[in-house]
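# Residue-level structure breakdown
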Amino acid sequence: MDNTDSIVARMRACIERNIACFEAMLQACVSIEQMALEENVLEGLYASREKDNKILAGLQHELDLLLREWRQDDTIAVEERAMITELASHAFELDQQLQQAREKSISDLKRYMLSIQNGLVGLHKGHNMLDKFRSPEKKQAGYIDRKA
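The model shown is predicted, which means the values in this text are computed figures rather than measured ones. (Residues numbered from 1 in each chain as written. Predicted model: local features only at pLDDT ≥ 70, side-chain atom pairs only at ≥ 80, totals over all residues. Heavy atoms only, no water.)

## Describing the overall build of the protein chain
The criterion, for reference: A run of H or I in DSSP becomes a helix once it reaches four residues, and a run of E becomes a strand once it reaches two; helices and strands are each numbered from the N terminus. Only the protein chains shown count as cover for residues, and all accessible areas are computed by the Shrake-Rupley method using a 1.4 Å probe.
Per the secondary structure count, the protein chain includes 3 helices and 0 strands. Mapped from its N terminus to its C terminus, the protein chain presents α and β elements in the order α-α-α. Accessible surface, the protein chain: about 11,100 Å² in total, of which carbon and sulfur atoms supply 57%.

Pasting the structure below:
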């Protein structure tokens, strides 16, 4: 195996790992609205995203190193360059899809948080209104408002 085969094989393997990673992340990327928003689900989602981010950082680092070597090697055949370009294009498309899916998740989560905030504002209004009906002597223990 000469140096050309080595860089082509390593570049191909790296890009294929990127593609596999993107495909797995896209399958796992579920809209927040479709999930039960329980604490353990959100914590699991957060942990999963953190793990994905670490994997992507590792893949990016590997690809950066290989790209430097790839650009310096002028002995790579045109067919091999075309194959790597095709794989890289596929990985790029999957990366864009993953970004869109994550942006949608962020948007869904923001809408969910806004609905919770609006509900909380409504609760505060109701709380304040109910407080107005309470007796002025409400702090006295055992007091019963007979007018209520």
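The rest of the description comes next.
## Some details on a nonpolar patch on the surface
Put simply, the rule reads: Note on patches: the residues involved have over 30% relative accessible area and no salt bridge, like charges join within 9 Å, and the nonpolar side chains Val, Leu, Ile, Met, Phe, Trp and Tyr join within 5 Å. For salt bridges, the criterion is a side-chain nitrogen of Lys or Arg within 4 Å of an Asp or Glu carboxyl oxygen.
A contiguous nonpolar surface patch, about 280 Å² in accessible area, is contributed by Tyr112, Met113 and Ile116. Of note, isoleucine 116 is situated in helix H3 (residues 78-132).

## Let's talk about the nonpolar core
Inclusion rule: Residues belong to one nonpolar core when they are buried, are Ala, Val, Leu, Ile, Met, Phe, Trp, Tyr or Cys, and are joined through side-chain atoms within 4.5 Å. Per-residue accessibility, obtained with a 1.4 Å probe over protein chains only, is compared with the maximum for each type, and a residue is labelled buried under 20%, exposed over 50%, and partly exposed between these values.
In this structure, Ile7, Met11, Ile15, Ile19 and Trp70 are the most contacted members of the largest nonpolar core, which totals 18 residues. Only helix H1 (3-28), helix H2 (39-72) and H3 provide two or more residues apiece to this core. The element that contributes the greatest number of residues to this core is H1, accounting for 9 residues.

## A few points about the packing of aromatic side chains
Quick note on the threshold: A pair of Phe, Tyr and Trp rings is counted when the ring centres sit within 6.5 Å of each other, with Trp represented by its six-membered ring. The angle between the planes then sorts it: under 30 degrees is stacked, over 60 is edge-to-face, the rest tilted. Only when the NZ atom of a Lys or the CZ atom of an Arg is both within 6 Å of the ring centre and within 35 degrees of the ring normal do we say a charge sits over the ring.
Counted under the stated rule, the structure contains 0 aromatic pairs. Sitting over the ring of tryptophan 70, arginine 81 keeps its end group 4.9 Å from the ring centre.

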